[in-house]
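Take a look at the letters that make up each chain.
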Amino acid sequence: MDDAKIIYADYQATTPVDPRVLERMAPYWSESFGNPHSTDHAIGWRAAKAVQEAAESVAGLIGADPDEIVFTSGATEANNLALFGLARRAAPGRNRILVSAIEHKCVLAASRALAAREGFIVETIPVDHEGFIDLAALEARLGEDVLVVSVMAVNNEIGTIQDVPRLAAVLTPFGVPLHCDAAQAPCGMAVGSLANHADLLSLSGHKVYGPQGIGALYVRRPLQRGLEPLVHGGGQQNGLRSGTVPLALCVGLAAAVDLLRGTETMAEMKRIGEQRDRFVRLLSSGDCSILVNGPSGNRRHPANANLGFEGVDAHDLLNVLQPRLAASTGAACTSGVPEASHVLSALGVTRTESDASIRFSFGRYTSDDEIERAASLVLQGVELLLSERPTRARAGELAI
């Protein structure tokens, strides 16, 4: 199978590493190697300087200071460090955690673990039919016993862009910190002032054309003493995350975010949004009824199109699209048992509609020709499945 011929429409799952990122990283695998925590020689000093510069780049992306950046293995670890770290040093009486109904699975799993193992009370904040936080419901749940509120800045399934400044303003009178999983944010919205509003932010390298295996947690400086580390050891990174930081990966993350801070980023978002809209229009011209899940307009990640196809099972459609087009459903499988997407369920989408929904997401290397071909493939697949019901079509049955 020639991967080069596959149309990639799953950029919100992971992005390819930008060649300019690879170029920046390359020396740090060989001649510029070094342990940045080796303080007795020039090689260690040089490595430490590169890590410091990487922290400056990541901080600059969101409007933070370099000493507020903790490098992690990715956003999942960053989310866990934020929630477990705060919980394990919580002040007496701060025993409630509020999470939105459409959080990433790792945030929901971490909060459930804190409830089951450490006695915290976890409450869900409802959202409206587009995935926006119900502010009245949030305010009704706030109190002096709330430890933290966790709300995704940009949703990974439906692309909803939350109003982070407004959320922060609601929390301020109660002294409650705001944590945002912002892994999807840098490619979907202006993020230069996020650190002015959120108290903790999680980022991921492989969502922004950087390498997998690296991420970061922004922790507002006054909160750092109130964060219990998950990893203990040599006390690196201000004691918040022990272990040798991966030099080349830190450089790669910095290179990726430096590209996002360039002048072409907004133009790139605009182009991708126009391609996404073109894709949806092309699909809407077919015979199948299509449901658009999530928000409309500029309050949605420009790359995201979460679409439901009436009368079609999403997994069957993705199956017949192989190996021509890569996209994904929002559903998860637990022990082999399929589940409806918790995100779509929170929006009021029915189980039948959820089972028919696919997330398409485009990106930096998506061409206009790929948009046209992707739409044609999907329309073919839908037609094939509808014509053969209830017989399940097989992978590779599309003509083009």
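So, a few notes on the structure that sits alongside this text. (Residues numbered from 1 in each chain as written. Predicted model: local features only at pLDDT ≥ 70, side-chain atom pairs only at ≥ 80, totals over all residues. Heavy atoms only, no water.)

Brief notes about the pattern of salt bridges
Opposite charge on two side chains makes pairing possible when the charged atoms of those side chains draw close.
Working step 1: Summed over all chains, the structure comprises 21 salt bridges.
Working step 2: Here Glu-118 makes a salt bridge to Arg-88, at a shortest N to O gap of 3.0 Å. Of this pair, Glu-118 sits in helix H4 (residues 105–118) while Arg-88 sits in the loop between helix H3 (75–87) and strand E3 (96–100), and the two are 30 residues apart along the sequence.
Working step 3: For Glu-118, a relative accessible area of 31% translates into the label partly exposed.
Working step 4: A residue is classified by how much of its surface remains accessible, and Arg-88, at 42% relative accessible area, is partly exposed.
Working step 5: Measuring nitrogen to oxygen at the nearest pair gives 2.9 Å for the salt bridge that ties Asp-145 to Arg-96. Separated by 49 residues along the polypeptide, Asp-145 in the loop between helix H5 (135–141) and strand E5 (146–150) and Arg-96 in strand E3 bring together distant segments of the chain.
Working step 6: In this structure Asp-145 comes out as partly exposed when scored by relative accessible area, which is 26%.
Working step 7: Taking the relative accessible area as the measure of exposure, Arg-96 reaches 9% and is therefore buried.
Working step 8: In this structure, a network of salt bridges that share partners links the residues Asp-18, Arg-20, Glu-268 and Arg-364. (Salt bridge = Lys/Arg side-chain N within 4 Å of Asp/Glu carboxyl O. Helix = DSSP H or I, 4+ residues; strand = E, 2+ residues; numbered from the N terminus. Buried < 20%, exposed > 50% of the residue type's maximum accessible area, 1.4 Å probe, protein only.)

Re the side chain of His-301
Working step 1: Tracing the backbone shows His-301 in the loop between strand E9 (290–293) and strand E10 (304–309).
Working step 2: Of the residues examined, His-301 reaches a relative accessible area of 3% and is grouped as buried.

Some points on the sheet that holds strand E2 (residues 69–72)
Working step 1: One open sheet accounts for seven strands, arranged E2-E8-E7-E6-E5-E3-E4; its pairing is mixed. Of all strands in the sheet, those with a lone pairing partner are E2 and strand E4 (121–125), marking the two edges. Neighbouring strand axes in the sheet, compared pairwise and without regard to direction, differ in orientation by 20 degrees on average.
Working step 2: Where E3 lies against E4, five bridges are found, and the strand directions are parallel. Residue pairing for E4: Ile-97 is matched across the bridge by Val-122.
Working step 3: Those strands touched by H4 are E3, E4 and E5, and its axis lies near 160 degrees from that of E3.
Working step 4: Taken strand by strand, helix H6 (residues 164–171) contacts E5 and strand E6 (178–181), and its axis lies near 155 degrees from that of E6. (Pairing = 2+ DSSP bridges. Axes fitted to C-alpha atoms, helices over the stretch in contact; angles between N-to-C directions. Contact = heavy atoms within 4.5 Å.)

Section: unusual backbone geometry
Working step 1: With an omega of 0 degrees, the peptide bond running from Gln-322 to Pro-323 counts as cis.
Working step 2: The residue Pro-323 is located in the loop between helix H9 (314–320) and strand E11 (325–326) in this model.
Working step 3: Its identity as a non-glycine residue notwithstanding, Tyr-209 has a phi of 70 degrees, on the positive side.
Working step 4: Here Tyr-209 lies in the loop between strand E7 (200–204) and strand E8 (215–219).
Working step 5: Unlike most non-glycine residues, Gln-237 shows phi in positive territory, near 55 degrees.
Working step 6: Mapped onto the secondary structure, Gln-237 falls in the loop between E8 and helix H7 (247–260).
Working step 7: Of the residues examined, Gln-237 reaches a relative accessible area of 17% and is grouped as buried.

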